[in-house]
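Chain residues, written in single-letter form:
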Amino acid sequence: MTITFVLLVNRQGQTRLAQYYEYLSIEERRALEGEIVRKCLARSDQQCSFVEHRNYKIIYRRYASLFFLVGVDGDENELAILEFIHCVVETLDRYFGNVCELDIMFHLEKAHFMLEEMVMNGCIVEINKQNILTPIQLMDKSSNPQFKLPLSSSTFSVF
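Residues numbered from 1 in each chain as written. Predicted model: local features only at pLDDT ≥ 70, side-chain atom pairs only at ≥ 80, totals over all residues. Heavy atoms only, no water.

*Asks:* Help me out: how do you make sense of the sheet that holds strand E1 (residues 3-10) in this one?
*Replies:* Two pairing modes exist for strands in a sheet, parallel and antiparallel, and in both the strands are linked by backbone hydrogen bonds. With antiparallel pairing, the 5 strands of this open sheet are ordered in space as E2-E1-E5-E4-E3. Two strands close off the open sheet at either side, each with one partner strand: strand E2 (15-20) and strand E3 (50-53). Each adjacent strand pair in this sheet contributes to an overall mean axis angle of 20°, direction not counted. For strand E4 (residues 56-63) and strand E5 (residues 66-72), the ladder comprises 7 bridges, and the chain directions are antiparallel. (Pairing = 2+ DSSP bridges. Helix = DSSP H or I, 4+ residues; strand = E, 2+ residues; numbered from the N terminus. Axes fitted to C-alpha atoms, helices over the stretch in contact; angles between N-to-C directions.)

See the structure below:
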């Protein structure tokens, strides 16, 4: 599977998360995002969730106030990508508890980390929610002050 980008966009068309797996300059990204977001947000709920734009196939799905858009190459299985989007949402839900736009905004690095655990170089490598969330939960535990080891002068002795 070749995923070229993943975008999370709100109803006003503001990008909340963008992850690209092929190089595009900032100007190209901005133009591409604007075109795709306008095209997808203008579609009704009765229309299908697949759009072709330039040399990409865009598969999108709306959950609450967020649109999840995934750009793939032309010969990709659309239903498999819809399942991937659903897996991303379920993983975010499991971590944040009913994920919303504010969770993404205030914990952007965690959302990126989860996505990086799932997709590597444009290929889906992990869909098991527990395997995706275990490293981030370990990071949360290690950043919690009550779990840190005390540093005292007797702990590190030169002699």
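The discussion continues.
*Asks:* Could you clarify how one ought to interpret the nonpolar core in this entry?
*Replies:* The tendency in soluble globular proteins is for nonpolar side chains to be buried as a group. Residues Ile3, Phe68, Val70, Phe84, Leu92, Ile104 and Met114 are the most contacted members of the largest nonpolar core, which totals 31 residues. Elements with a contribution of two residues or more to this core: E1, E4, E5, helix H2 (78-96), helix H4 (108-118) and helix H5 (129-143). The greatest single-element share of this core, amounting to 10 residues, is contributed by H2. With near-sequence residues (within four places) excluded, Phe68 lies in contact with Leu7, Leu8, Ile59, Tyr60, Arg61, Tyr63, Ile85, Val88, Val89 and Leu92. The next biggest cluster of nonpolar side chains, apart from the first, holds 15 residues, and it includes Tyr20, Leu24, Leu32 and Ile36. (Core = buried A, V, L, I, M, F, W, Y, C linked by side-chain atoms within 4.5 Å. Buried < 20%, exposed > 50% of the residue type's maximum accessible area, 1.4 Å probe, protein only. Contact = heavy atoms within 4.5 Å.)

*Asks:* Any chance you could explain the pattern of salt bridges here in plain terms?
*Replies:* When the charged atoms of two side chains with opposite charge come close together, those side chains can pair. What the rule picks out here adds up to 5 salt bridges. With its nearest N and O atoms 2.7 Å apart, the salt bridge here joins Glu101 to Arg16. Highlighted residues: Glu101 in helix H3 (residues 101-106) and Arg16 in strand E2, separated in sequence by 85 residues. Between Glu35 and Arg54 there is a salt bridge, and its shortest N-O distance comes to 2.9 Å. Highlighted residues: Glu35 in helix H1 (residues 26-41) and Arg54 in the loop between E3 and E4, separated in sequence by 19 residues. Arg54 gets classed as exposed once you look at its relative accessible area, which sits at 53%. (Salt bridge = Lys/Arg side-chain N within 4 Å of Asp/Glu carboxyl O.)

*Asks:* Explain a nonpolar patch on the surface to me, please; I cannot follow it from the model alone.
*Replies:* A surface patch of nonpolar side chains, amounting to about 320 Å² of accessible area, comprises Leu102, Met105 and Phe106. Within the fold, Met105 resides in helix H3. (Patch = residues over 30% accessible without salt bridge, like charges linked within 9 Å, V, L, I, M, F, W, Y side chains within 5 Å. Areas by Shrake-Rupley, 256 points an atom, 1.4 Å probe, with all protein chains shown as cover.)

*Asks:* Just checking my understanding: could you explain H5 for this structure?
*Replies:* For an α-helix, 3.6 residues make a turn, and residues three or four places apart therefore share a direction. Taking 1.5 Å of rise per residue, 15 residues should cover 21 Å, and H5 covers 21 Å from first to last C-alpha, within 8% of that figure. The sharpest bend along H5 reaches about 25° and sits at Pro135. Where H5 is concerned, the buried positions are Lys129, Ile132, Leu133 and Ile136. Buried residues along H5 sit against H2 and H4. (Expected span 1.5 Å × (residues − 1). Bend = angle between axes of the 7 residues up to and from the residue.)

*Asks:* How do you make sense of the environment of Asp140 when you look at a structure like this?
*Replies:* Residue placement: Asp140 occurs in helix H5. The class of Asp140 is partly exposed, set by a relative accessible area of 24%. Discounting chain neighbours no more than four positions away, the residues touching Asp140 are Tyr95 and Lys110.

*Asks:* Looking at this model, I keep getting lost on the pairing of E2. Mind explaining?
*Replies:* Successive residues of a regular strand alternate their side chains across the two faces of the sheet. With 5 bridges joining them, E1 and E2 adopt antiparallel strand pairing. Note that in E2 the partner of Leu8 across the bridge is Leu17. Linking two consecutive strands that pair antiparallel, namely E1 and E2, is a turn of 4 residues; a positive phi of about 90° is found at Gly13 within it.

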